[in-house]
Each structure stands twice: as structure tokens, then as C-alpha cells.
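For reference, the chains in residue letters:
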Amino acid sequence: MTGISRDTDTQPHTEIILEAGRTERQYWRDLWRYRELFFILAWRDVAVRYKQTVVGVLWAVLRPLLTMIVFTVVFGKLAKLPSQGDTPYALMVFAAMLPWQFFSASLTSCSESLVGNAGLISKVYFPRITIPAAGVMVNGVDMCISFSLLLLLMLCYSFLPPPQIICVIPLILLAGLLALGAGLLLCSLNVAYRDFRHIVPFITQFGLYVSPVGFSSGIIPEKWQALYACNPMVGVIDGFRWAVLGSIPFPAFSLSVSMIICAALLWMGIRYFRSTEKTFADVI
Amino acid sequence: MGAIIKVEGLGKKYRIRHAARGQARYKTFRELLSEIPAAVRRRFNTSACAPSEVEDFWALRDVSFEVQPGERVGIIGRNGAGKSTLLKLLSRITDPTEGRITLRGRLSSLLEVGTGFHPELTGRENIFLNGAILGMSRAEVKRKFDEIVDFAGIEKFLDTPVKRYSSGMYVRLAFAVAAHLEPEILVVDEVLAVGDAEFQKKCLGKMEEVGREGRTVLFVSHNISAVSQLCSRGLLIKNGTLNLDNDINEVMRAYTMGHPETSGWSVELSPNAARYSKMALLSCELSAGGADGEKRLNIIHPGDKVTIKAKFSCNATVEGVSIGCIFFSSLGVRVLDANLAMIERTMKICANSVLEVCWEFQQIMLSTGFYNIGISAGTQGETLCDYLEILQIQVAEAQNSPYPYAYPSPYRPNFTLKVRHCE
């Protein structure tokens, strides 16, 4: 019993007032209080993903590996697109695929997350933003597995990574925040309008072809480069190639466009999410 | 310290769309887009008054009450009265439309057993997951882990995915996690509807313990005896408003007795109101007469002769029909069932005929209390009509009886007692 009283003592008697349009103040404090839930939800999705599979986590390795092989054969061997300098085509593809798969998987799981957790939303209170955020977090695990695969691949090609490889961390963060921003918008729209469930696969599929995943950005004609950089993932992917392979110069322009778009998306996403959040339980 | 929960003028409005416009519950984006021109037209052309396809529905309105720390309050009401909406508002799942709630303490709600359980995860993993969802910290769950496992009685299956659990084990584990929450306010909705009798008893015991520890409990259940056992105070919710706020026994009585359509000793029904098409109750009448010739009084005494007459209209020809008359105690327990099939007979009903059935209870041996009388008819596989709570009676001991009926039993035996004073 002593343990219990200690517990309640550390939490002073906070007074919570619930009124129409007045949950604003305690929201961010609650978010902090429920930080454990965020990790547990992410852990749940990771734990569940490879349950009852024979090869288990190996899927996280196989998926990018197989995609890389297909892309290398189709774009590199059949279409004979140029690589960047003397970088092996397979490495160039793999370095781009890491952030792209992280982004697209995060966007997908983020936008599906609220509807998938409808049971939770209509039965328990917690800051709803933990659900889509956990959706991004989950894919970070796959991302890490793929990254170690990349390092292994580089070892095979006896390719020495440049010192700026440390920059992948902020780049991954950028990709994650991009996915979160767009995902927040999509998941809250998805609650009311299930159309977005069909739109998201289209976005990720389309995005794969307009982002420099299977090819290098160098093959885009000069006059289209500015328009091309409006795709926020161009900056992230080129940044990745710069950081991991050092095959291209630092993509300052496209990366700053990415960051601006990311900030705008996040701002919009959080705003829209917060304004519709209170109606989730009624609509879902 | 004042009230731990203070609710003032609380209301929750939902908008319901009428099916007349073929609107499904989910709007699609296309529908939204196609509505824009109509909405614009409506805005500019107020004279062409569009029929209101959206109606406001107040699930809860103007509810005010206070709960003191340590109180155990039962919330009672029919289905759709607004109980669950009230709990959802208290547990911050939805926002109130008007009014305010002030909570002075950590509140945990248990609106469903096993919320967030993941079928693929093992029992052990689900304890942590569910604990976190219900607002426990990891350390808290760890500390109580053994206690939880013990309470649920699933030691052997801790590392089995819960999808392989029997439904009983699943529910036990889910309740065990929730029962070890330690909030200052615990809100519980209808969780005792599951699990076997023994486990239900265990749950009730646990919840009583929670109450004894000085925590505040708000409890909704249709298991009326559970509510009366656990709670000292009751809130009766009726059509979205707070109908009564009183001692639990008073509230229960109002709840079980307060149906306007069933007051009095005889009742006439419109055949259109029937739920089933083949048979409809037209009227039902009760008369009682004791040995002293009391007739048509509001109260009957144990041992009275009671006659119940029911008139049905039959709309189909069915064979093998039995008709029953059931007495429910005010706690909702079936205490008496007088069915035609019990005296080994079934009958045939004919289409477009009127049927009169008369039950005669030579001596009704019910204990003191309020009873609801229900009438139903059916064959082996089909219900033809079913009326619960069609009439009520109050049974009371004779006025000069010294029997203190504080804790009446459902059955009042007709007995003799020989008393002999020995040395």
C-alpha cells in the first residue's frame, strides 16, 4: 500500500475541467503523461508484424533486397540508365530505397492507424496523436534493419562510406516528419471520409516513380529540376545518396524545399488533426 | 475537499441524418463535393426551404450532479437512455456540447473489457499493452504483474497468444488488468455481463474493495442486483435527462416500476404495437382476491388467489403453441413461470381469431416486494409474442404482520411452524 500512496502523492490533485472546446490546455501535458503508451503502441505493431511468419524479421531484409534487385535489373541493366559516377547501380538504388520505403510505409500505416484502432478510440481516452505517431515509429525499426543491410552491401562492394554518413540521422528524421505531417492530415480525413484509404496507395505508388528511387536525379533535364524538387522526397533521397555514397554534391536547394514543405505539412497536419480530434469517437 | 466529480448542465448533441436522402453513415468525399452546390443554393435562396435532413439529437441534456470522494454511484437507465454517453463524456472520449465537468482526481474508465487487447500477442504482452492503454505506467504494471496473473488464473497460458484463449480466460485476464488500476475515480460500464457466476462474484468483490479503499466508483450495469450490492447511491437516467438522484433502493424501485404504459391492474394494447407479427396481446387484466374478499386493491398478500386474463389476436395458424406468464422480481430475476407446456399441453392458434387465456393461481406464494408480470407465447423454435413487464403488482404481508421485510427472499413459503418451549 505504501507504493500506492507514493504514486498518488507524486501526482497532485489536478483539476480537469471538461467543457465544449476547452481541452486545449492539458493536451500537451497529457501527451507527456502518455509517452509510454506511444512506445507500447509502436512495440505492439512491431511485435505483431512478424508473428506467425516462418522467416519472421527476415521479411524486413527481403523486401528491400528484392525491390532493389528488380530496380537494378529494370533501370540499370534493361533501360541502361546511368549511375552516379562509379557508384554501383545496386548501391545507388538501395541508398534511395531506404528513405523512400520508410516514408511510404510510414505514410500508409499513419493514415490507416486511426481507423485501425477504432476500438481504442471509442473506448479509452488518450491523446489521439500518439496513434499516428506510433505508426511512423514502427517503420523506423524496419528502417534500421534495412540500414544495416545497406552497410553490409557496401562491405560486399568494398565501398567506403564518406564521413558525412552521420547526416543520415537528421535525414531520416526529416523523412519521418514528412510522413507524419502528411499522415496526420490523411488519417484524420480518413476517419470521416474513407476515400483516403484508396488515395494513399495511389500516392505511394505514384510517388515511387516521381522520386529518384530507381534512377539518379541527374537524368532529369535542367529546366525541369526546380519543378522536380517540389516533390519533398527528392531532397531527402538525394541527401541520402550524398550522405551514404558521396556520389553527388550536397543537394542544398531540393533539401531546403523539403524542409519548408515538411514544416508546412506538419503545421497543417497538427492543426487539422487537433481540430477534428474531438469528433473522432463520434464519427469513426 | 469538495466534490470529486462535479457535473453542471451537461449536454451532448449528435446530428442524425435521415435515411430519406439515402445517406449512409459514412460520407464519401464525392458526396461531400456534390453537396456543395446544394449548400450554396440553400444559402442564397432561403425561401426554398429545404427539408431538414439533419436532425439534432440530444443524447444527454441538462444533467447536473456531484459525487463526493469515496462514493459508489450506480447509473441506471434503459438502453439508449444516455448512460453510456454520460460515461463517455466523463472519461473524455467525446467532448460535451454544453455544460461542464470538473474532475478532481485521476480517472480511469473501463467501458469495455479487453479494450486494445491484441489477439496475436501473448497474455503477458497483453497485460502490459492493456495496462498502458488504461493509463498505468510500465513500473506499475510490473509491480502488480503477479497479482494480475493470479487474479485471472491464467499462469499456464501466459505465453500463449490470447487468440487461443477461451472466451472466459480472455475476459478474466482483461478484467484482472483493469481491476488493478488505481485511479481515484473508476468508471465501469457493463463489464459484469461477461464471465461465469463465480468470476462475476470475484469482480464484484474486487470492486467493493476498490470502494472500501476510499476510491470513487461510477458503475453502470443491467445486472441490477450487482448495482444494488455495490452502490449506495443511484442516478436514474431517462431519455437523456437525470430523472432521479437518490438512495440506490429508491432509484431501483423507480426504475423497475416506472413505465407509464404498464401502470394499473389492467392494460389494453394496440395490436400495431406488437413486435412480432403472428400474435399480439390485446389486453391483460389481473384480479386478486384474498380469503377476506379483498378485490382489485393495489396490493396482494402472500397466499392470495390471483387471476390473470390475457386476450390475444392471432394472425396466423400455428400448432404446438405454449403460452407463459412470468413474474420478475424488482431485481429482474424470474421468480415464477407458469407455462402451458408445464402442464404438458400445447395448443393450436388459428389465423384471424381472438384467444383468451386465463391463469388462476390458487395461492400466490411470493414474498414482499414489487413484481413485473410478463406474458409470452411461442413454439419450440419461434417466439410468437413477448411482453415483458406488462403489469406490476406489489406483494405485502398482511398489515398487522410483524415480518420485517428488509431482505425479502423471492419465494414466500406456505408453511407451518411448531414451536415448543423446552426446559
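Every value quoted in this text rests on a predicted model; they were computed, and no experiment measured them.

About the criteria used
Residues numbered from 1 in each chain as written. Chains lettered and ligands numbered in written order. Predicted model: local features only at pLDDT ≥ 70, side-chain atom pairs only at ≥ 80, totals over all residues. Heavy atoms only, no water. Helix = DSSP H or I, 4+ residues; strand = E, 2+ residues; numbered from the N terminus. Buried < 20%, exposed > 50% of the residue type's maximum accessible area, 1.4 Å probe, protein only. Contact = heavy atoms within 4.5 Å. Areas by Shrake-Rupley, 256 points an atom, 1.4 Å probe, with all protein chains shown as cover. Buried area = accessible area lost by both parts, 1.4 Å probe. Salt bridge = Lys/Arg side-chain N within 4 Å of Asp/Glu carboxyl O. Polar contact = N/O pair within 3.5 Å; in protein donor to acceptor, adjacent residues only side chain to side chain. Nonpolar A, V, L, I, M, F, W, Y, C, P; charged D, E, K, R; others polar. Pairing = 2+ DSSP bridges. Phe/Tyr/Trp six-rings, centres within 6.5 Å; stacked < 30°, edge-to-face > 60°. Axes fitted to C-alpha atoms, helices over the stretch in contact; angles between N-to-C directions. Parallel < 35°, antiparallel > 145°, perpendicular 65-115°, else oblique. Expected span 1.5 Å × (residues − 1). Arc of directions from axis to C-beta.

Assigned secondary structure in chain B consists of 8 helices and 19 strands. For chain B, with 423 residues in total, the buried portion stands at 47%. Excluding contacts between residues fewer than 6 apart, the proportion of contacts in chain B whose partners are at least 24 apart in sequence is 72%. In the structure as shown, chain B presents an accessible area of about 21500 Å², 50% of it carried by carbon and sulfur atoms.

On the chain B side, the residues contacting the 46 residues of chain A number 52 residues. Here chain A and chain B share an interface that buries about 4300 Å² over both sides, 56% of which is from carbon and sulfur atoms. In terms of surface lost to chain B, no three residues of chain A exceed Leu18(A), Lys123(A) and Tyr193(A), which account for 15% of the buried area on that side. At the boundary of chain A with chain B, the tally comes to 1 salt bridge. Here Lys12(B) and Asp282(A) are joined by a salt bridge, their closest N and O atoms 3.0 Å apart. Seen at the junction of chain A and chain B, the total is 4 residue pairs in polar contact (both at pLDDT 80 or more). Among the secondary structure elements, those contributing two or more residues to the side of chain A that touches chain B are helix H1 (2–10), strand E1 (15–19), helix H2 (24–33), helix H3 (35–49), helix H6 (118–121) and helix H13 (280–283) of chain A. Ranked by residue count, the leading element in the side of chain A that touches chain B is H3(A), at 7 residues. Residue composition of the side of chain A that touches chain B, grouped by class: 21 nonpolar, 11 polar and 14 charged. For E1(A) and strand E4 (residues 98–104) of chain B, the ladder comprises 5 bridges, and the chain directions are antiparallel. If you follow Ile17(A) over to E4(B), its bridge partner there is Thr102(B).

With that settled, consider unusual backbone geometry. All names here are of chain B. The phi dihedral of Arg92 falls on the positive side, at around 65°, and the residue is not glycine. Mapping Arg92 onto the fold places it in the loop between helix H2 (83–90) and E4. By relative accessible area, Arg92 is classed as buried at 14%. Even without a glycine there, the phi angle at Asn239 is positive, about 50°. The topology assignment puts Asn239 in the loop between strand E8 (233–238) and strand E9 (241–247). Judged by relative accessible area, which is 69%, Asn239 ranks as exposed.

Turning our eyes to something else, we now look at the pairing of strand E18 (residues 369–378) of chain B. For a regular strand, the rule is simple: side chains alternate between the two faces of the sheet. All names here are of chain B. Taking burial as the measure, the 10 residues of E18 include 9 buried ones, the bulk of the element. The pairing of strand E14 (residues 318–329) with E18 spans 8 bridges and is classified as antiparallel. Residue pairing in the sheet places Phe328 in a bridge with Asn372 of E18. Where E18 meets strand E19 (residues 383–395), 9 bridges bridge the pair, whose relative direction is antiparallel. For Ala377, the partnering residue across the bridge sits in E19 and is Cys385. Between E18 and E19, which pair antiparallel and follow one another directly, the connecting turn spans 4 residues.

Okay, the packing of aromatic side chains next. Residue and element names in this part refer to chain A. Counted under the stated rule, the structure contains 13 aromatic pairs over all chains. Here Phe75 and Phe215 contribute two aromatic rings whose centre-to-centre distance is 6.3 Å and whose plane-to-plane angle is 65°, an arrangement assigned as edge-to-face. Remark: Phe215 occurs in the loop between helix H9 (196–210) and helix H10 (225–228) and Phe75 occurs in helix H4 (residues 58–78); sequence separation between them is 140 residues. For the pair formed by Phe75 and Phe215, the shared burial category is buried.

A few words now on the packing of helix H5 (residues 89–116) of chain A against H9(A). Residues and elements named next belong to chain A. Where H5 contacts H9, the two axes come as close as 10 Å, and the packing angle between them is 175°. When the interaxial angle is binned, H5 and H9 end up roughly antiparallel. Residues Trp100, Ser104, Leu107, Thr108, Ser111, Glu112 and Val115 of H5 form the contact with H9, whose participating residues are Arg197, Val200, Ile203, Thr204, Gly207 and Leu208. Tallied by class, the residues present in the contact of H5 with H9 amount to 6 nonpolar, 5 polar and 2 charged.

Let us look at H9(A). Residues and elements named next belong to chain A. For H9, spanning 15 residues, the distance from its first C-alpha to its last is 20 Å, which sits close to the expected 21 Å at 1.5 Å a residue. Among all positions in H9, only Phe196, Val200, Thr204, Gly207 and Leu208 are buried. Take H9 and look down its axis: the buried residues cluster within an arc of 125°, on one side only. Turned more than 90 degrees away from the buried face of H9, the exposed residues are His198, Phe202, Gln205 and Tyr209.

Residues and elements named next belong to chain B. Along the chain, Ala338 turns up in strand E15 (residues 334–339). Spatially, the C-alpha atom of Ala338 lies 6.3 Å from that of Ile326, the residues being 12 residues apart in sequence. Non-local contacts of Ala338, meaning those with residues more than four positions away in its chain, are made with Ile323, Gly324, Cys325, Trp359 and Phe361.

This part takes up the environment of Ile185(B). Residue and element names in this part refer to chain B. Along the polypeptide, Ile185 turns up in strand E6 (residues 185–189). The exposure class assigned to Ile185 is buried, which follows from its relative accessible area of 0%. Each C-alpha atom of the pair Ile185 and Gly70 lies 8.6 Å from the other, and the pair is 115 residues apart in sequence. Beyond its immediate stretch of four places on either side in the chain, Ile185 contacts Ile4, Ile5, Leu103, Gly105, Arg106, Leu107, Ser108 and Thr216.

What is shown is where atoms sit, not what they do.
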